[in-house]
Amino acid sequence: MGIVLYHSPKSSASRRVRLCLEEKGIAYEGHVIDLSAQEQHSEAYLKINPLGVVPCMLHDGRPLHESSVMCEYIDAVFPEPPLCPEDPYDLAVMRNWIRYVDGLITNLIRFNWRHGMAAKAAKMSEAEFEAMLKNVPSEERKEAWRRAARNPYTETELDEARGNLLAMLDRMEGMIAGDGLIGGRYGLADIATAPFVRRIEEEIAPDALLSRPKCAGWWAALTARPAYARAGFDPFVG
Ligand SMILES: N[C@@H](CCC(=O)N[C@@H](CS)C(=O)NCC(=O)O)C(=O)O
């Protein structure tokens with residue numbers, strides 16, 4: 001049965017898993033979930049992933065959620081080329097870094113949801129919007145939808161989110177060595193971070209890499225990888 005991936009082209013979490021699969025050269029069956037049509041909340045998709053988010057990966061029919069967990073799983077099951085450090089300390093540092101980046105997702109949401117998803121939800125009547133929210137499994141995401149569609153984030157809130165994402169780049173500037181963020185080698189930490197940097201350089205703070213030379217070099221090397229071209233990091237906006 002192999003790998004089946006439910007994903008969305010512009011989703012950062014989906015981009016991570018696609019990049020990881022491409023690095024490994026693993027063929028997979030992809031199913032695109034249309035987030036702006038709230039397909040992630042449909043009865044059919046909630047049966048596959050009750051969390052109502054993408055991505056969701058099935059390996060030989062067994063489902064997994066959380067993009068970072070999927071990537072570690074892929075690395076364990078398909079060991080070549082290795083994408084985790086061998087050194088246990090570096091491995092722990094890698095996991096802590098990915099956990100930190102995962103925690104920044106709400107900052108990305110403030111920018112990302114202003115586009116297709118919120119625009120469609122904003123056009124719904126109150127009754128349609130409330131009916132849609134009933135299918136959103138988590139309170140946190142219900143609130144994110146209310147904010148994006150009914151009470152858009154203010155410039156101050158966007159600045160705060162931008163600041164948190166720039167702080168990530170500052171931390172990276174002190175970490176990058178050789179080809180990667182951890183132990184001087186490219187791997188899952190870089191893969192987990194790439195979709196965030198893509199959104200920063202595309203829209204959130206396009207000049208940010210100019211004043212951070214190590215991040216700029218790291219990004220140039222990452223985007224030159226054949227797997228990056230295959231993973232689909234097309235512009236988010238437009
Ligand atoms: N921590 C999760 C985040 C998943 C997530 O937030 N996915 C977003 C796209 S990047 C999504 O499905 N958003 C639609 C929604 O929340 O309704 C992961 O890394 O897999």
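So, how was this worked out
- All residue numbers refer to positions counted from 1 along the written sequence of the respective chain.
- Only residues with pLDDT of at least 70 get local features here, since the model is predicted, and only at 80 or more are side-chain atom pairs given and counted; chain-wide, interface and lining totals rely on the full set of residues.
- Calculated side-chain values reflect all of the structure's heavy atoms, with hydrogen atoms and water omitted.
- In this text, near means that some heavy atom of the residue lies within 4 Å of the molecule or strand in question.
- Here a polar contact is taken to be a pair of N or O atoms separated by no more than 3.5 Å, where protein atoms must pair a possible hydrogen donor with a possible acceptor and residues adjacent in sequence count only if both atoms sit in side chains.
- A pocket, in this scheme, is an open set of points on a 1 Å grid over the protein atoms alone with protein on both sides within 12 Å along at least 5 of 7 lines, while a cavity is a set where a 1.4 Å probe fits but cannot get out; residues line either one if an atom lies within 4 Å of a point.
- More than half of a molecule's atoms within 2 Å of the grid points is what it takes for that molecule to sit in a cavity or pocket.
- To qualify as a helix, a DSSP run of H or I must reach at least 4 residues; to qualify as a strand, a run of E must reach at least 2; elements of each kind are numbered from the N terminus.
- Three residue categories are used. Nonpolar comprises Ala, Val, Leu, Ile, Met, Phe, Trp, Tyr, Cys and Pro, charged comprises Asp, Glu, Lys and Arg, and polar comprises the others, including Gly.
- UniProt positions are given in the numbering used here, feature names are shortened, and annotations may be inferred rather than shown by experiment.
- Between Lys or Arg on one side and Asp or Glu on the other, a salt bridge is scored when a side-chain nitrogen of the former is within 4 Å of a carboxyl oxygen of the latter.
- Think of it in three bands: residues with accessible area under 20% of the maximum for their type are buried, residues over 50% are exposed, and the middle band is partly exposed, with areas taken using a 1.4 Å probe on protein chains only.
- By this definition, two strands are paired if DSSP reports at least two bridges between them.
- Axis angles are defined between N-to-C directions and span 0 to 180 degrees, where every axis is a line fitted to C-alpha atoms and, for a helix, only to the segment in contact.
- Residues count as neighbours in contact if any of their non-hydrogen atoms are within 4.5 Å of one another.

(A) The arrangement of the site of the ligand in detail. The local shell around the ligand holds 14 residues, among which Gln40, Val54, Glu66, Ser67 and Arg141 are the closest. Separating an oxygen atom of the ligand from a side-chain N or O atom of Gln40 is a distance of 2.9 Å. Here Glu66 contributes a side-chain N or O atom positioned 2.8 Å from a nitrogen atom of the ligand. According to the grid-proximity analysis, the pocket containing the ligand is the largest pocket. Elements with a minimum of two residues in the shell around the ligand: helix H1 (12-24) and helix H8 (139-150). For the shell around the ligand, the residue count by class is 7 nonpolar, 5 polar and 2 charged.

(B) Representation of the UniProt feature "domain: GST N-terminal" (unreviewed entry) in the protein chain in the model. On the UniProt side, "domain: GST N-terminal" (unreviewed entry) is annotated at positions that read residues 1-82 here. Strand forms 21% of residues 1-82 and helix 37%; the C-alpha atoms that close the span are 23 Å apart.

(C) Representation of the pattern of salt bridges. Applying the stated criterion across every chain, the model contains 15 salt bridges. Measuring nitrogen to oxygen at the nearest pair gives 2.8 Å for the salt bridge that ties Arg147 to Glu157. Pair noted here: Arg147 is in helix H8 and Glu157 is in helix H9 (residues 155-173), with a separation of 10 residues, a long-range link. The exposure class assigned to Arg147 is buried, which follows from its relative accessible area of 16%. The partly exposed category is assigned to Glu157, whose relative accessible area is 21%. Salt bridges sharing partners connect three or more residues here, namely Arg114, Arg199, Glu202 and Glu203.

(D) The arrangement of the sheet that holds strand S3 (residues 56-59) in detail. Taking strand neighbours across the sheet as the criterion, the 4 strands line up as S2-S1-S3-S4 in an open arrangement whose pairing is mixed. Only two strands of the sheet have a single neighbouring strand rather than two, namely strand S2 (28-32) and strand S4 (62-64). For this sheet, the mean inter-axis angle between neighbouring strands, taken without regard to orientation, is 20°. The pairing of strand S1 (residues 3-7) with S3 spans 4 bridges and is classified as antiparallel. Paired with Ile3 across the bridge in S3 is His59. Contacts from H1 reach S1, S2 and S3, with the element oriented near 150° to S1. Packed on one face of the sheet, helix H3 (residues 67-77) meets S3 and S4 and runs near 25° to S3.

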